[in-house]
Amino acid sequence: MSKKITIVRSEHFNAAHRLFNKNWSNEKNEAFYGKCNNPNYHGHNYDLEVMITGYINKESGFLIDMKLLSNVIKDEIIDYMDHKNLNLDVPEFSSLIPTAENIAQVIYNRLRSKIQDEFELKVKLYETSRNFVIYPS
Ligand code: NI
């Protein structure tokens, strides 16, 4: 049997956030999160890579239809997060600090239910060109 293959779909969205732990003092939040604690929020240009792994479909020659994958990402992530204030507009972050780690986890959970179980899913989220997270690792 041939080995598994991974396809990657790149996407992009802009969003605002504020990193703030409500159980900490303002001083501790500011010292720990720095600029990302700005009370009036700030934006990031997030780059997202969605990685799907599995076996090529013998009949189609595809792993998964890229058009379908791109539609799922658009419906579940881009339309949901692009140009939004993550803290205020995205329900998952009403009780979850919108760090890159948590955003990647939310993205994974939203996509996982829409992608067939036979495929492995991994999400890579860049908050800046130098800082990115991978979930699950
Ligand atoms: Ni930030």
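Our subject is the structure that appears above.
Read on for a plain summary of the structure. (Residues numbered from 1 in each chain as written. Predicted model: local features only at pLDDT ≥ 70, side-chain atom pairs only at ≥ 80, totals over all residues. Heavy atoms only, no water.)

## As for the overall build of the protein
Across its full length, the protein carries four helices and five strands. In sequence order, the protein lays out its α and β elements as β-α-β-α-β-α-α-β-β. With the C-alpha coordinates aligned to their principal axes, the bounding extent of the protein is approximately 60 × 25 × 25 Å. Considering the protein as a whole, with its 137 residues, one finds that 42% of them fall into the buried category. Taking the intrachain contacts of the protein between residues at least 6 apart in sequence as the baseline, contacts between residues at least 24 apart amount to 66%. With an accessible surface of roughly 8500 Å², the protein has 50% of that area assigned to carbon and sulfur atoms. Averaged over its 17 positive side-chain charges, the protein has a centre that lies 4 Å from the centre of its 18 negative ones. (Helix = DSSP H or I, 4+ residues; strand = E, 2+ residues; numbered from the N terminus. Buried < 20%, exposed > 50% of the residue type's maximum accessible area, 1.4 Å probe, protein only. Contact = heavy atoms within 4.5 Å. Areas by Shrake-Rupley, 256 points an atom, 1.4 Å probe, with all protein chains shown as cover. Lys, Arg positive; Asp, Glu negative; His and termini not counted. Charge placed at Lys NZ, Arg CZ, Asp CG, Glu CD.)

## Comments concerning the sheet that holds strand β5 (residues 132–135)
Hydrogen bonds along the backbone pair up the strands of a sheet, which may run parallel or antiparallel. Strand order across the open sheet formed by five strands is β3-β1-β2-β4-β5, with mixed pairing between neighbours. Only two strands of the sheet have a single partner each, and these edge strands are β3 (84–85) and β5. In this structure, strand β4 (residues 120–126) lies alongside β5, joined through four bridges in antiparallel fashion. Bridging across to β5, Y126 finds its partner in F132. Running at roughly 20 degrees to strand β1 (residues 5–17), helix α2 (residues 66–81) makes contact with β1, β2 (42–54) and β3 of the sheet. (Pairing = 2+ DSSP bridges. Axes fitted to C-alpha atoms, helices over the stretch in contact; angles between N-to-C directions.)

## Thoughts on the pattern of salt bridges
Under the definition given, this model contains eight salt bridges. Taking the shortest distance from any N to any O, the salt bridge between K4 and E120 comes out at 2.5 Å. Residue K4 is found in the segment before β1, and its partner E120 is found in strand β4; the two are separated by 116 residues along the sequence. Look at K4 and you get partly exposed, because its relative accessible area is 45%. Residue classification places E120 among the partly exposed positions, given a relative accessible area of 39%. Its salt-bridge partner being E49, residue K124 comes within 3.9 Å of it at the nearest N-O pair. (Salt bridge = Lys/Arg side-chain N within 4 Å of Asp/Glu carboxyl O.)

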